[in-house]
Amino acid sequence: FDDLKEFYLKKIDEIDNKKNITSIYFGGGTPSLMSVSMVEAILNKFDLNGVEVTLEANPETIDKEKMLGFKRVGVNRLSIGVQSLKDEDLKFLGRIHSVKRAIDTIEKAKSIFDKVTIDLIYGRPNQSLKAWEEELCEALKFDLKHFSLYQLSIDNDWDIILPDDDMLADFYSLTNDIMKSNGINRYEVSNYAKDKENQSRHNLTYWLGHDYLGIGPKAHSRYKNYEMENDEFGEVLIKNKLSKKDRDIEIFLTSLRTIYGVDERYHYLTTAFKIEEMVKKGFLLKSKNVIKVTDNGFLLLDSISSFLLS
């Protein structure tokens, strides 16, 4: 990472209107491998007043000293890639940290940062609903205010049997029931927060269709109706101007994933009949010209999205 320091600083200098930035996210790869001095040099380019600054960290690449350093230079939200609280499943997932190391990392992070989030993966091979319930309840004991809970997705080349669709629906429903009963509410398909203040401001930027800039190898951007993708050296490889309709479709689809729903500006992409059909079936809720997905609808979100936009 530190070898790219000058590249990152140069790219940041090229950004217009840095005062309008609301969040900064160090993610992808293992950004916790970066030195504190590199993160400091980058963040010194911005006025961080009121800005959410998130850094992704893996338990094996961060310790208390580094956490204190990151906080000192402006990081105010730590996202820890835990993935499982079972040692045997961590090995299956290719992680080199242990459950003990993950727990120690979480506890240290809580003592330093006001905002700490962890991610966990369910629907693993041979995982039972009961085992997932126990694991999730164990995670809730950390008393965190944000969780990212994802369904396992594996390349088709892997010779592994995963739970079928009905079982995955049961996993998802169980997850929502447990989180809701503990006061941690879903605000996006796979993300849960104690309250609005603890929702990921950066990720909501993507989902609600605001501009964002990706700096670095393989990063993506959506900026002023352009879609951009960087090559492996961090230079812009693709730059396409999206039509209004194509951009609106993107926003329609990502907004539908959230509890905030799709406002009337984008309803022209579908029909009133289709919306009412989904409302009647209990998959959508319409309120104040905003359509939102219901709990039952989230289980069929891909099908609902396809129906509305077909």
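For the structure, check the block above.
Rules used in this analysis
Residues numbered from 1 in each chain as written. Predicted model: local features only at pLDDT ≥ 70, side-chain atom pairs only at ≥ 80, totals over all residues. Heavy atoms only, no water. Core = buried A, V, L, I, M, F, W, Y, C linked by side-chain atoms within 4.5 Å. Buried < 20%, exposed > 50% of the residue type's maximum accessible area, 1.4 Å probe, protein only. Contact = heavy atoms within 4.5 Å. Patch = residues over 30% accessible without salt bridge, like charges linked within 9 Å, V, L, I, M, F, W, Y side chains within 5 Å. Areas by Shrake-Rupley, 256 points an atom, 1.4 Å probe, with all protein chains shown as cover. Salt bridge = Lys/Arg side-chain N within 4 Å of Asp/Glu carboxyl O. Lys, Arg positive; Asp, Glu negative; His and termini not counted. Charge placed at Lys NZ, Arg CZ, Asp CG, Glu CD. Helix = DSSP H or I, 4+ residues; strand = E, 2+ residues; numbered from the N terminus. Expected span 1.5 Å × (residues − 1). Polar contact = N/O pair within 3.5 Å; in protein donor to acceptor, adjacent residues only side chain to side chain. Phe/Tyr/Trp six-rings, centres within 6.5 Å; stacked < 30°, edge-to-face > 60°. Lys NZ or Arg CZ within 6 Å of the ring centre and 35° of its normal. Pairing = 2+ DSSP bridges. Axes fitted to C-alpha atoms, helices over the stretch in contact; angles between N-to-C directions. 1 Å grid on protein atoms, 1.4 Å probe; cavity = no way out; pocket = protein on both sides within 12 Å on 5 of 7 lines; lining within 4 Å. Points joined across faces, edges and corners; volume = space filled by probe spheres on them. Nonpolar A, V, L, I, M, F, W, Y, C, P; charged D, E, K, R; others polar.

Enquirer: I tried to follow the nonpolar core on my own but got confused; where do I start?
Expert: Inside soluble globular proteins, nonpolar side chains tend to come together where they are buried. Counting 71 residues, the largest nonpolar core has Phe26, Val39, Leu55, Leu78, Ile118, Leu120 and Phe147 as its most contacted members. Apart from the residues within four sequence positions on either side, Leu120 is in contact with Val82, Gln83, Ser84, Leu85, Trp132, Leu136, Ala139, Ser148, Leu149 and Tyr150.

Enquirer: How do you make sense of a negative patch on the surface when you look at a structure like this?
Expert: Judged by side-chain charge, Asp164, Asp165, Asp166 and Asp170 come together as a negatively charged surface patch. For Asp166, the location among the structural elements is in helix H7 (residues 165-181). Residue Asp166 is classed as exposed on the basis of its relative accessible area of 60%.

Enquirer: It is not clear to me how H7 should be interpreted in this structure. Could you clarify?
Expert: The periodicity of an α-helix, 3.6 residues per turn, causes residues three or four positions apart to be oriented the same way. Taking 1.5 Å as the rise per residue, H7 with 17 residues should run 24 Å; its terminal C-alpha atoms sit 24 Å apart, in good agreement. Within H7 the residues assigned to the buried category are Leu168, Phe171, Tyr172, Leu174, Thr175, Asn176, Ile178 and Met179. For H7, the secondary structure elements touched by its buried residues are strand S4 (115-122), helix H6 (129-140), strand S5 (146-151), strand S6 (185-188), strand S7 (191-193) and helix H11 (295-298). Its side-chain oxygen placed 3.3 Å from the backbone nitrogen of Asp166, Asp164 serves as the N-cap of H7. Directly beyond the C-terminal end of H7, a positive phi value near 75° is found at Gly183.

Enquirer: It is not clear to me how the packing of aromatic side chains should be interpreted in this structure. Could you clarify?
Expert: Geometry of an aromatic ring pair is reported as the spacing of the ring centres plus the angle between the planes. Per the counting criterion, the structure on display carries five aromatic pairs. When the centroid spacing of 4.6 Å and the interplanar angle of 75° are considered together, the rings of Tyr206 and Tyr212 count as edge-to-face. With a relative accessible area of 32%, Tyr206 lands in the partly exposed category. Through a chain of ring-to-ring contacts, the aromatic side chains of Tyr122, Trp132 and Phe171 assemble into a single cluster. The ring centre of Phe307 lies 5.6 Å from the NZ or CZ of Lys274, which sits over that ring.

Enquirer: Just checking my understanding: could you explain the environment of Val36 for this structure?
Expert: Relative to the assigned elements, Val36 resides in helix H2 (residues 36-43). With residues near it in sequence (within four places) discarded, Val36 still touches Lys66, Gly69, Phe70, Arg72 and Val73.

Enquirer: Mind showing me how you'd approach the sheet that holds S5 here?
Expert: Strand pairs in the sheet, formed through backbone hydrogen bonds, run parallel or antiparallel to each other. Reading across the sheet, the seven strands line up as S1-S2-S3-S4-S5-S7-S6 and stay open at both edges, with mixed pairing between neighbours. Two strands bound the open sheet, and with one partner strand each, they are strand S1 (23-26) and S6. Going across the sheet, the axis of each strand differs from the next one's by a mean of 25°, ignoring polarity. Its contacts with the sheet place H6 against S4 and S5, and it is angled at close to 175° to S4.

Enquirer: It is not clear to me how the layout of surface pockets should be interpreted in this structure. Could you clarify?
Expert: Rolled over the atoms, a probe with the dimensions of a water molecule shows which regions are left empty. Here the largest pocket is characterised by a volume of approximately 1200 Å³. Lining the largest pocket are 38 residues, and of these Tyr25, His202, Leu213, Gly214 and Ile215 lie nearest its centre. Of all the elements in the fold, those that place two or more residues in the lining of the largest pocket are helix H1 (5-13), S1, H2, helix H8 (201-207) and strand S8 (220-223). The element contributing the most residues to the lining of the largest pocket is S1, with four residues. Within the lining of the largest pocket, the residues separate by chemical class into 21 nonpolar, 13 polar and four charged. Its volume calculated, the second largest pocket comes out at about 520 Å³. What lines the second largest pocket is a set of 15 residues, among which Gln151, Phe298, Leu299, Leu301 and Asp302 lie closest to the centre. Going through the elements one at a time, H7 and helix H12 (301-309) are the ones with two or more residues in the lining of the second largest pocket. Top element by residues in the lining of the second largest pocket is H7. It accounts for four residues. Taken together, the residues of the lining of the second largest pocket sort by class into nine nonpolar, three polar and three charged.

Enquirer: Which parts of the structure should I look at to understand the pattern of salt bridges?
Expert: Where side chains of opposite charge bring their charged atoms close, a pairing between them can arise. Scanning the entire structure with this criterion turns up 19 salt bridges. One salt bridge in this structure joins Lys10 and Glu14, with 3.0 Å as the shortest N-O distance. Accessibility expressed as a relative area gives 52% for Lys10, which makes it exposed. By relative accessible area, Glu14 is classed as partly exposed at 45%. Residues Lys244 and Asp248 are paired through a salt bridge, measuring 2.6 Å at the closest nitrogen-oxygen approach. In this pair, Lys244 and Asp248 are both assigned in helix H9 (residues 244-256), four residues apart and thus about one turn of the helix distant. Residue classification places Lys244 among the exposed residues on the basis of a relative accessible area of 58%. Within the structure, one salt-bridge network assembled from shared partners comprises Lys10, Lys11, Glu14 and Glu235.

Enquirer: So what exactly am I meant to see when it comes to the sheet that holds strand S9 (residues 226-230) here?
Expert: Judged by pairing direction, the sheet is antiparallel, and its three strands sit side by side in the order S8-S9-S10 without closing on themselves. One side of each edge strand has no neighbouring strand; the edge strands of this open sheet are S8 and strand S10 (236-241). On average, each strand axis in the sheet is inclined to that of its neighbour by 15°, with strand direction left out of account. Relative to S9, S8 runs antiparallel, the two being bridged by four bridges. Within S9, the position partnered with His220 by the bridge is Glu229.

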